[in-house]
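# Coordinate inspection notes
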Amino acid sequence: MLSVQQLQINGRRDDLLPATSLQARRGELLLAAGEGQDQRTALALALSGRMKPSNGVLSWDNNSKTKKIRLASALVDSPGVNEPEQHLSVRDLVTEDLSLIPRRYRGALLSKPWLKINSFEDIAGLWIEQLPAGRRLELLTALALADPATDLLVVDSPDRHSADPSAWLPRLEALASDAGRPLAVVAVVSALPDNWAGPAAVIGNSVAHPQEPETVEVSEPAQATNAQATTIPIPAREIQDEASEPEFKDLQRTAK
């Protein structure tokens, strides 16, 4: 299983890849959506062990060594990284890609028999730029899986060749659900298809947003009433003097 926690890559100014978390299990297709091509390619490179993250944890089958992840994965059709050159013919591309497979797995693989076995003879003479989106993806994923050590497929922006998900989604679903060779498949796309109900993630889904300060309501003190404002307490001594004053006058009259 591919496990990603808080994966982040620094850029010159902003993050090249904002913090992202996801999981992809064998036998399932995960779609990871991101608006910017730079972010999508950075995520694809990191997931396949081809770019070192600045922060976060990335592991494949509980192993976080970059070399292990890179050997178990294949990066497919990444713009500006390993997308096939448009002037190449399909036959030349197959010859070139098969030569990159480790010798212990390659054996006597040649382009002509490989094209026949994998049912690509009909497009062998075409230029890469002439291939329909669906056929292009079939070819590139088949070449990636020519290495039997590949257990994780990371496909970079397959939707850039066609706005119709039917040009790429069924192929990736079929690869993930192949019981004969269960793969973990991750496709980094610009947007999730409307009818997609499978595993999904969004680039930047683990970015920590600062909490807004809590507002504390302070109640104003109640205003004093007019009666309270004008009432002045009178000392008890003054009250007693006023009460005894009439008695003092009566004594004076009696004495006269």
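Residues numbered from 1 in each chain as written. Predicted model: local features only at pLDDT ≥ 70, side-chain atom pairs only at ≥ 80, totals over all residues. Heavy atoms only, no water.

## Here's the deal with empty space enclosed by the protein
- Going through the model one piece at a time under the given rule, you end up with two cavities of 30 Å³ or more.
- The space that makes up the largest cavity amounts to roughly 60 Å³.
- Lining the largest cavity are Asp 77, Ala 133, Arg 136, Leu 137, Val 155, Asp 156, Ser 157, Pro 158, Arg 160, His 161, Ala 167 and Trp 168.
- Of all the elements in the fold, those that place two or more residues in the lining of the largest cavity are helix H6 (133-144) and strand E6 (152-156).
- In terms of residues, the lining of the largest cavity owes the most to one element, H6, which gives three residues.
- Empty space within the second largest cavity amounts to approximately 30 Å³.
- Contributing to the lining of the second largest cavity are Ala 46, Gly 49, Met 51, Lys 52, Pro 53, Leu 58 and Thr 66.
- Grouping the constituent residues of the lining of the second largest cavity by class yields four nonpolar, two polar and one charged. (1 Å grid on protein atoms, 1.4 Å probe; cavity = no way out; pocket = protein on both sides within 12 Å on 5 of 7 lines; lining within 4 Å. Points joined across faces, edges and corners; volume = space filled by probe spheres on them. Helix = DSSP H or I, 4+ residues; strand = E, 2+ residues; numbered from the N terminus. Nonpolar A, V, L, I, M, F, W, Y, C, P; charged D, E, K, R; others polar.)

## Topic: the confidence of the model for the protein chain
- Model confidence for the protein chain is summarised by a mean pLDDT of 86, while 80% of its residues fall at 70 or above.
- Low pLDDT, under 50, characterises residues 227-232; the predicted model gives this stretch zero contacts beyond four residues in sequence or across chains.
- This stretch, residues 236-256, has a pLDDT under 50; its non-local contacts, to residues over four places away or in other chains, come to one contact. (pLDDT = per-residue confidence, 0-100. Contact = heavy atoms within 4.5 Å.)

## Focus: helix H1 (residues 37-47)
- With eight of eleven residues buried, H1 lies mostly within the body of the structure.
- Considered for burial, the residues of H1 that qualify are Arg 40, Thr 41, Ala 42, Leu 43, Ala 44, Leu 45, Ala 46 and Leu 47.
- Looking one or two residues beyond H1, the residue adopting positive phi is Gly 49, at roughly 75°. (Buried < 20%, exposed > 50% of the residue type's maximum accessible area, 1.4 Å probe, protein only.)

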